[in-house]
Amino acid sequence: MADPSPAAADVRALAVPDGAAAQRVDRFVADATGLSRSYVQKLIAAGHLTAGGSPLRANAVVGPGTRLRLVVPPAKAADLAPDPDIPVRVVYEDADLLIVDKPAGLVVHPSPGHTAGTLVNALLARAGGEDYGGIAGVQRPGIVHRLDRDTSGLLMVAKNDVAQASLMAQLKARRVKKTYVALVQGSVAAAVGRIEAPIGRDPRHRTRMAVVADGRPAITGYRVSERFARWTLLELDLVTGRTHQIRVHLEAIGHPVAGDPVYGTGTSRRGPDGLARMFLHAWRLELAAPSDGHLIRATAPLPVELEAVLDGLRAGEAGHRRTRPAGRLAAAGE
């Protein structure tokens, strides 16, 4: 397939570093560019990845010193209807980006068969006809990372292509600090810990993710914030950003997230009394401003429905131990 116009396309020269292990080319390119592996595979299928002028297959194995040329076509215009009826809570805004506080239950970007009622539709209405940065040639303008539908909290949105490139580079280099809050089943023994376990598609349930030997590296740090008789409130640092990472890692160590409909079972899936959603919230973001590099720090207090669950646990369990003062989650970083 012929390359798109060089003036419009993003042409990237990649090289497998000396000393690197041989690996599938689609995985290497995804890791090197920050693009999703599924999108990289589409580019490869369209003939946009070559080595020495010859197109490669997604399962080709490349070793140290291999030089690659990747052509990323310009993002297609989003054929989506703006939806002014979906509220957008803006936590931070400048000329380059928005940081919004997404409610649980709201899908972030459109997908086949689901082109309305998403955060992107709401953002398009708010933009007033202005463009957001394109990404990966698909209809999710400005979205550089995502939250699951049932997760609430902070999400970055690029307002232009330069900002998008900066944010994606920071994410790839792990310079964006993302802190979450989760209520999990059971008593987490260590007050501070780190989970390092590779994550990939669950071989038994292809719609789920799991800790698997050949998965992509994944790291989650955690700190105990508050303890209850049957539950533990955690702060979690998302060092890497794999699909469902926090949920998979916590389930793997025997402490699934309360209310998780996919990775929880029995008591954990039901959660404490009064819980009607998954107890996972993207609480804090720290990143460098795309324009001048100054530190941006944003926080989103726990939604009232999650605070109500904690209040119920506190009221019902006299003598529970607290590791930080009440209200700390809402006030930190502000």
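Since the structure is predicted, the reported quantities are computational estimates derived from the model, not experimental observations. (Residues numbered from 1 in each chain as written. Predicted model: local features only at pLDDT ≥ 70, side-chain atom pairs only at ≥ 80, totals over all residues. Heavy atoms only, no water.)

1. Observations concerning the overall build of the protein
The condition that has to hold: Numbered from the N terminus, helices here are DSSP runs of H or I no shorter than four residues, and strands are runs of E no shorter than two. Buried, partly exposed and exposed residues are distinguished by accessible area as a fraction of the type maximum, computed with a 1.4 Å probe on protein chains only: under 20%, between the cut-offs, and over 50%, respectively. Contacts between residues were defined by any pair of non-hydrogen atoms, one from each residue, lying within 4.5 Å. Only the protein chains shown count as covering a residue, and every accessible area follows the Shrake-Rupley method with a 1.4 Å probe.
From N to C terminus, the protein includes eight helices and 17 strands. Counting the 334 residues in the protein, one finds 47% classified as buried. By sequence separation, contacts in the protein at least 24 residues apart represent 65% of the contacts at least 6 residues apart. Looking at the protein as shown, the accessible area adds up to about 15,800 Å², and 51% of this sits on carbon and sulfur atoms.

2. A closer look at the pairing of strand 10 (residues 177-185)
Convention followed: The pairing criterion is simple: DSSP has to find at least two bridges between the two strands.
For strand 10, the tally of buried residues reaches seven of nine residues, placing the bulk of the element in the interior. In terms of strand pairing, strand 10 meets strand 16 (residues 280-288) through six bridges, oriented antiparallel. Within the sheet, the bridge partner assigned to V181 lies in strand 16 and is H281. In the sheet, strand 10 pairs with strand 15 (residues 231-238) via seven bridges, with the strands oriented antiparallel. The partner of V181 across the bridge, within strand 15, is E235.

3. Looking at the packing of helix 1 (residues 25-33) against helix 2 (residues 37-45)
Defined as follows: Here, axes are lines fitted to C-alpha atoms. For helices the fit covers the stretch in contact, and angles between N-to-C directions go from 0 to 180 degrees. Here is the rule for angles: anything less than 35 degrees is roughly parallel, anything more than 145 is roughly antiparallel, 65 through 115 is roughly perpendicular, and the remaining ranges are oblique. Working rule for handedness: look at the near helix, and if it is turned counterclockwise from the far one by less than a right angle, call the crossing left-handed; if clockwise, right-handed. Basically, the charged four are Asp, Glu, Lys and Arg, the nonpolar ten are Ala, Val, Leu, Ile, Met, Phe, Trp, Tyr, Cys and Pro, and anything else, Gly included, counts as polar.
In the contact formed by helix 1 and helix 2, the axes pass within 9 Å of each other and the chain directions differ by 120 degrees. Relative to helix 2, the element helix 1 lies oblique. The crossing of helix 1 and helix 2 is right-handed. For the pair helix 1 and helix 2, the contacting residues are V25, D26, R27, V29 and A30 in the first and R37, V40, Q41 and I44 in the second. Of the residues that constitute the contact of helix 1 with helix 2, the class distribution is five nonpolar, one polar and three charged.

4. As for the pattern of salt bridges
Our working rule: A carboxyl oxygen of Asp or Glu within 4 Å of a side-chain nitrogen of Lys or Arg is what we treat as a salt bridge.
The full count for this structure, using the stated rule, is 19 salt bridges. R24 is the salt-bridge partner of D26, the closest N and O atoms lying 2.9 Å from each other. In this structure D26 comes out as buried when scored by relative accessible area, which is 0%. The residue E286 makes a salt bridge to R297 at a minimum N-O spacing of 3.0 Å. Pair noted here: E286 is in strand 16 and R297 is in strand 17 (residues 295-299), with a separation of eleven residues, a long-range link. Taking relative accessible area as the criterion, E286 reaches 16% and is therefore assigned buried. Several salt bridges converge on common partners, so that one network encompasses R146, D148, R247 and D260.

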